[in-house]
Structures are given as structure tokens and as C-alpha cells.
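Structural characterization, general
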Amino acid sequence: MESVPERISVQTNVLNANQQMAVANRERFANEGMLVMNLMSAPGAGKTTLLEATIKALHEQFRLAVIEGDLQTDLDAQRIQALGIRAYQITTGTTCHLDARMIARALDSFPVDDLDLLVIENVGNLICPASFDLGEGLRVVLCSVAEGPEKPKKYPVMFNKANVVLINKIDLAEASGVDLNELTTNVREVNPHATIFALSSRTGEGMSAWTNWLQQAVAGRASAAMASV
Amino acid sequence: MHEISIAESIIRIAEAKAHEQNARSIQVIKLRLGTFTTIVAESLQFAFEIARRGTLSQDARLEIEIVPMVVRCVVCKASTQPSHGVCLICEQCGFPLEIVSGEELQIEYIEVDSEKEESPWSQYRSEFQFRPTS
């Protein structure tokens, strides 16, 4: 017997296991004909308030449900349930992001086969969630003017991966001393393709442009699913 | 601090590969890490040292090759390496840039210690390898 050092080729992406699970989730969502939106932001940017306002605008047009991700508490799920919308809370403990397996597990006890839109509110964090595909069809990144104009420059990976960037709390722009044009330019620099909406979930300013866009995205999804039947 | 879950994934993938080859232990794990990911090499090294305990990678070295971000204009095809922040709009012509590299998070290879019987074939192979080329 002898000890032989040996090099073995691996050529595997480290996130491969998550990616495979995300592909399975994506297939399941496609088969059920629903649009799945992964909503990401820093803590306190206003994800849940945005969702509340979006739900109020759209709940009569289509069937939707929400999966909430937080380290602790089911406070966010309670806020959504208070609107009469089904919500499921994932508490991650210490994990700073949702992953595709957590979503697959949630779906075991949270049936979503009758939905037009499933919103997944990720853990508030502008770093890690960018790396973990959940199987969503729509990636939405929310930032608020109160965070300052430089968030896209500081967290370019997160903003780069977004289909839609929502700039929230524009009613606070003046008080925060933030130039909305500068913030929009900074988003554009790291993501030339994203659709950008500036709005305030609290006052409702700019909300209808976003909810109309989302309504069309859901409708487009439904007709695409019907066409594939 | 998602580097811990990344380190655990690296160890799981390496271990599965090592088991396939009946290896006793893993000595080296070679990783290509792009600069346009959310992973910090130093944090990953630290997380790896914690996560490797009690695994085949217990004594393994994590070799990280940093892959710089390279972007290219979709129109004028000019390639650049962003140095001060990331701007994905071409300075030359104003069109969007595409990312050519920098998003890598890939295990290239592992080096393992295997226990193997001496066989005529292995002897032949080592002779073959050391035969001078003329």
C-alpha cells in the first residue's frame, strides 16, 4: 500500500444544490401558471408596507399569497393576514437569506396551486439573498431614499440581478436630502436593463404605475401559461 | 455571514467527489471566485476553517483563485475591468455592458490522498510518466 496524492477534476458550481432546487421550484410554479416574485431589500426599506399597499390595489383582480422570510417572529405574516391574504412565515433562525430548499419545504404545508401571484418577501439584507435563486420569475429590489443615494453602488450584485427596482419613500426625499435623479442614475449604472419605479407606499404617490405594471406582468404570465396548455 | 453556508457547500461537494474516488482525505480544494459575487475570500477562508472540522477536508487547504470582473460593451465590444466601483454603461458609446467574468463560484478540482494497491499498471504508469521525452 502507498499514499498517492491525486488531483480530481470537480468543475462544479458551489451553489449547484440550491440551483437544482430552484429549477424544480421554477418548473412547479410554471406548471401551476403563477408568477412568483422575490422581493428583496435592506432591513427597513419598507418591503412589508409596499406589499400591503400592493395587495390593497390588486387583491380583487387576482389571487395572491405571500411567503415571509425573517430571522425571528411572524409579525410580517400577521400584517399580511390582517388584510385577508394567506401568508406563511419562514423563520430562518440565524440564516441571513432564504434559499430554494426553504421555499420547497414551505410549499409542502402551504398550498399555492390556486394562485396568480406568489410573493416571497426575502430576509432584509442586500448581500446574501442575491446569490440564492428561489425559482422566482420576477426579482424586485426595493430601496428607500432614506438609505441615501449610494446603495446601488455599494451593493451592485443585488441591484444588478433585479428585473425591477422600486425606489420607495420618495415623500422623504427632501427631508433625507437625497436627489432622486442621482439615485436613479446609480441604479441605472449597475443595472441598465431594470424597470424602475419611484413611489411612496405610505402616501400612494407613484404606486399605480407599479401596480399597473405588475398587473400586466401577472396577466402576461397567465396568458403564457394558457397558451402552453 | 453567508460564507458559512458557502463553506459548507464547498465541503459537501468536495466530500462527495472524494468518496467517489475512495479517498482517505482531501488535501487541497481549488476554488475560482469572481469579484462580482457576494463572497469575501477572507471570510470564506475563516468559515472554511470552522466548517471543515470532522470532515474529510479536516486538513485541507482552500486555494482561492480570484477572478477579476471583466465587462464588455454589447455594441462597440470594448472590454474593461472596472476598478473603482461598477458601472455597466459604456463610457465610449453609452450602451449597456455585459458581464464577461467575475461571477464565478466554482470548485475546479480537489487533491486527495488515496490508498492504492501497487499494481503492474501503476508501475507502468509511473515509469511512463518519468520516461524522458526525446
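A brief look at the structure comes next. (Residues numbered from 1 in each chain as written. Chains lettered and ligands numbered in written order. Predicted model: local features only at pLDDT ≥ 70, side-chain atom pairs only at ≥ 80, totals over all residues.)

A look at the sheet that holds strand β6 (residues 138–144) of chain A
Residues and elements named next belong to chain A. Taken in spatial order, the seven strands of this open sheet run β4-β3-β5-β2-β6-β7-β8, and their pairing is parallel. The open sheet terminates on both sides in strands that have one partner only, identified here as β4 (86–91) and β8 (195–198). Pairs of neighbouring strands in the sheet enclose a mean axial angle of 20°, with direction left out of account. As paired strands, β6 and strand β7 (residues 164–168) are joined by five bridges and run parallel to one another. Bridging from a neighbouring strand, leucine 142 pairs with leucine 166 of β7. Relative to strand β5 (residues 117–121), helix α2 (residues 47–58) is tilted by about 165°, and along the sheet it contacts β2 (35–41), β3 (64–70), β5, β6 and β7. (Pairing = 2+ DSSP bridges. Helix = DSSP H or I, 4+ residues; strand = E, 2+ residues; numbered from the N terminus. Axes fitted to C-alpha atoms, helices over the stretch in contact; angles between N-to-C directions. Contact = placed C-beta atoms within 7 Å.)

Section: the nonpolar core
Counting residues in each nonpolar core, the largest one holds 69 residues, and the members touching the most others are Leu117(A), Leu118(A), Val119(A), Ile120(A), Val141(A), Val165(A) and Leu166(A). When neighbours within four sequence positions are excluded, Val165(A) is seen to be in contact with Val141(A), Phe159(A), Val187(A), Asn191(A), Ala194(A) and Ile196(A). Core analysis: the second largest hydrophobic core is formed by 25 residues, Val14(A), Ala14(B), Leu44(B) and Ala47(B) among them. (Core = buried A, V, L, I, M, F, W, Y, C linked by C-beta atoms within 7 Å. Buried ≥ 20, exposed ≤ 12 C-beta atoms within 10 Å, placed from the backbone.)

Here's the deal with the interface of chain B and chain A
Taken together, the contact between chain B and chain A spans 32 residues of the former and 31 residues of the latter. Across the side of chain B that touches chain A, the residue classes break down as 15 nonpolar, nine polar and eight charged. (Nonpolar A, V, L, I, M, F, W, Y, C, P; charged D, E, K, R; others polar.)

Quick look at the pairing of β3(A)
Residue and element names in this part refer to chain A. Counting buried positions along β3 yields seven of seven residues, so the element is predominantly enclosed. Burial of β3 is two-sided: the residues Leu64, Val66, Glu68 and Asp70 facing one way and the residues Ala65, Ile67 and Gly69 facing the other way are all buried. In terms of strand pairing, β3 meets β5 through five bridges, oriented parallel. Of the residues in β5, the one forming a bridge with isoleucine 67 is isoleucine 120. Note that β3 and β4 share six bridges and pair parallel. Of the residues in β4, the one forming a bridge with glutamate 68 is glutamine 89. The handedness of the β3 to β4 crossover, carried by helix α3 (residues 75–81), is right-handed. (Right-handed = clockwise from strand over helix to strand, strands pointing away.)

Any link to function would need more than the numbers given here.
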